[in-house]
Each structure stands twice: as structure tokens, then as C-alpha cells.
Amino acid sequence: MNILKVNGIDLAYDSYGNETDETILLIAGLGTQMIRWTVPFCEMLAARGFRVIRFDNRDTGLSTHFSHHPTLDFEALAKTLMSGQRPDIPYSLNDMSDDAIGLLDALGIKKAHVVGRSMGGMIAQLAAGRYPERVLSLTSIMSTTGNPDLPPTSPEVMALMTRPAPNPMEDEAGYLAHSLAFAKRIAGTGYPFEENEYRSLIREEVQRAYDPGSVGRQIAAIAVSGDRRPHLAKVTVPALIIHGMDDPMFVPACGKDTAQAISGAEFMLLEGMGHDLPPQLFETIADGIERTARRNG
């Protein structure tokens, strides 16, 4: 694991594969760390002839945190947005897409295949639209465009995601139960929910960094990002949109809308997949990423 200074902040990253191969940049989702892109998945992509880089977004893991900012008040945020004003937030998704490209700069990488999941898919979309000269292909997984006409996340799922969690330093069992309940709710029905693996992953994230306010700050960044379809209309590189039929966070219409916003994009709708990446689908998803990357040639 390495740390580089990017856009005035520290970004933690690691790398797999041969440094002379074309790069795949993996961007993590809301409030999660780079380790959600598991080592077996990274190694699977590297074995296909790519250099694979994963990193902690700002405000997660071992990258710079913005804990000095006040805890997000969701009600106040909603009122400010409804009034047409821009809330005072520490950063936006544009800043996070700048981080992704800035990391490539710091590593001396001119172009990369950009892959993002959930919020990471939004960041990848912006990177492809705002930095067309830097992106070789785009894969957006279980994400959405910000189109206001799309069905919203259900209040029940939002409540599960935003409700306060026990402090893991004081009540580890309570924190794990809270986190596992949410993970299980958003998982698909087509594959077994690997509770032990999730428990280990959640523990590892807490050991790397615990910052209960970061999710709220990233939700705010998403809330102000608006409709990304104008950016997506500018994307000319090969694009793949992967979505689960069982996704309760962003329903399949969100993935379809993303694919329709990009000329020539492939839409892969996976039965039994929810808002997660079960190991049973690693091969299918890696095949799609590789196929999309090779289309660039």
C-alpha cells in the first residue's frame, strides 16, 4: 500500500500486474474502501494482461479525511437543495473525479481504463466525460446518471443506510450486526450471502480507518452532482454498463438510463445480482471489463 499527494490531499493506493501493461483504475463506492475490490478480483484482471490500481477515495480508508467538517444534517441538506441553493459541502463528485485523474498523473500514467462501482461509477462517468483524452474505456457498475426522472432509492433502504451505527470501538458486535443487516438487504437473491466474508471485510475496514461522518459527506457530494447525462453524451470510448436485476439501491432502470446516455454502450443486466459483487460473478464481470478494454484497440 502506497500514498501519493494528489490535489493537495493524500490518496492511498496499491497496484497489481505488470507496470508496462495498460492500466485499469478501480474506483470504490460510497463510504467503502479500496479493499472492496478484493485481491482475487484484482489478480484476476491482472492475469488478463492489465496493470490494476485500486485506491481509497478521499474521506475513506487511509486517504485524507475531512472529519473537521460538521456532521451532515440530511434534513438541512434536502431543504437547501429544494430551495435551489448550493449547500456548503467540503467536496463534490467533480473533485473526486479530479482525484482519480490526479492519481494517474502522479503515477505517470497517460491513459487508463476506468471502472467504478455505485458512487465510483458516478466518478468514473465524470472522469470519462470531463477527461476524454485520459480514459481508454468506461465500465460503470451498479450506478446511475442522476437523471431526476428515475425511480429513487426506497425510503426503507435509505433509512437502513443512513441510520446511526454503534461505535465499533465500544460495541463491535452491534456495529457488525448493523453493517451486515444493510449488506444483506442490498445483496441479490441469486447468490449466497457470504456472511463470514462480509464480517471479515467490515472488520478490516474499521481497522484501516473508522470515520462515521464520511458517508454523509459523500452523500452530499452525490446530492449536488446533478444530472450526468450531458457528460455521458460526450463519451466516445467503449463503454459497458453492468447492473443487477435485484439492485434495491439503484433499480435496473438506472443502469439502462446510463447505457442509453452513452453512444454505443453495452448494457449487461445480471440476474440475481443486487447492489454488490458476489464472487460467483467475478469472472463474468472481468470478462466484460476486458472485452470493453479490448474494443479500444
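The rules behind each value
- Residues numbered from 1 in each chain as written.
- Predicted model: local features only at pLDDT ≥ 70, side-chain atom pairs only at ≥ 80, totals over all residues.
- Heavy atoms only, no water.
- Pairing = 2+ DSSP bridges.
- Helix = DSSP H or I, 4+ residues; strand = E, 2+ residues; numbered from the N terminus.
- Axes fitted to C-alpha atoms, helices over the stretch in contact; angles between N-to-C directions.
- Contact = heavy atoms within 4.5 Å.
- Phe/Tyr/Trp six-rings, centres within 6.5 Å; stacked < 30°, edge-to-face > 60°.
- Lys NZ or Arg CZ within 6 Å of the ring centre and 35° of its normal.
- Buried < 20%, exposed > 50% of the residue type's maximum accessible area, 1.4 Å probe, protein only.
- Right-handed = clockwise from strand over helix to strand, strands pointing away.
- Polar contact = N/O pair within 3.5 Å; in protein donor to acceptor, adjacent residues only side chain to side chain.
- Parallel < 35°, antiparallel > 145°, perpendicular 65-115°, else oblique.
- Nonpolar A, V, L, I, M, F, W, Y, C, P; charged D, E, K, R; others polar.

Looking at an unreviewed UniProt entry, one finds the protein chain named Alpha/beta hydrolase fold protein and attributed to Paenibacillus vortex V453.

Chemist: Requested: an account of the sheet that holds strand β5 (residues 112–117), with residues and values cited.
Modeler: What holds strands together in a sheet is hydrogen bonding between their backbones, with the strands either parallel or antiparallel. Strand order in the open sheet formed by eight strands is β1-β2-β4-β3-β5-β6-β7-β8, and the pairing between neighbours is mixed. The sheet terminates laterally at β1 (2–6) and β8 (266–270), the two strands that pair on one side only. Each neighbouring strand pair of the sheet contributes to a mean axis angle of 25 degrees, computed without reference to strand direction. Summarising the sheet, strand β2 (residues 9–16) and strand β4 (residues 51–55) pair through four bridges and their orientation is antiparallel. Within β4, the position partnered with Tyr16 by the bridge is Val52. The strands touched by helix α4 (residues 119–130) are β3 (23–27), β5 and β6 (135–141); relative to β5, the strand with the most contacts, the crossing angle is about 145 degrees.

Chemist: Run through the environment of Ala286, naming residues and quoting values.
Modeler: Looking at the secondary structure, you find Ala286 in helix α11 (residues 282–295). Considering only alpha carbons, one finds Ala286 and Cys42, 244 residues apart in sequence, at a separation of 9.3 Å. Filtering out sequence-adjacent residues up to four positions away, Ala286 remains in contact with Phe41, Met44, Leu45 and Arg48.

Chemist: Explain the packing of aromatic side chains to me, using residue names and the numbers behind them.
Modeler: Per the stated rule, a full pass over the model turns up five aromatic pairs. Feature note: the residues Trp37, Phe41 and Phe282 constitute an aromatic cluster, connected by ring pairs. Just above the ring of Trp37 sits the side chain of Arg117; from NZ or CZ to the centre is 4.9 Å.

Chemist: Tell me about the pairing of β6, residues and numbers included.
Modeler: For β6, the tally of buried residues reaches seven of seven residues, placing the bulk of the element in the interior. For the handedness criterion, the β-α-β arrangement of β5, α4 and β6 is classed as right-handed. As judged from the four bridges shared by β6 and strand β7 (residues 239–244), these two strands associate in the parallel manner. Note on β7: the bridge partner recorded for Thr139 is Leu240.

Chemist: An account of unusual backbone geometry is needed here, citing residue identities and associated values.
Modeler: Positive phi outside glycine occurs at Asn7, with the angle close to 50 degrees. The residue Asn7 is located in the loop between β1 and β2 in this model. Taking the relative accessible area as the measure of exposure, Asn7 reaches 46% and is therefore partly exposed. Residue Met142 is not a glycine yet carries a positive backbone phi of 40 degrees. On the secondary structure map, Met142 appears in the loop between β6 and α5 (155–162).

Chemist: Any details on the side chain of Ser143? Residues and values, ideally.
Modeler: Relative to the elements of secondary structure, Ser143 occurs in the loop between β6 and α5. With a relative accessible area of 2%, Ser143 lands in the buried category. Only 3.3 Å separates the side chain of Ser143 from the backbone nitrogen of Met122, close enough to count as a polar contact. Ignoring sequence-local partners within four residues, the contact set of Ser143 consists of Ser118, Gly121, Met122, Gln125, His243, Phe250, Cys254, Gly255 and Thr258.

Chemist: Provide a residue-level description of the packing of helix α3 (residues 93–106) against α4, including the pertinent values.
Modeler: Packed helices, taken two at a time, are described by the angle their axes make and the gap between the axes. Across the interface, α3 lies against α4 with an axial gap of 9 Å and an inter-helix angle of 70 degrees. Relative to α4, α3 is oriented roughly perpendicular. In this structure, α3 contributes Leu93, Asn94, Met96, Ser97, Asp98 and Ile101 to the contact, and α4 contributes Met119, Met122, Ile123, Leu126, Ala127 and Arg130. The class makeup of the residues in the contact of α3 with α4 is eight nonpolar, two polar and two charged.

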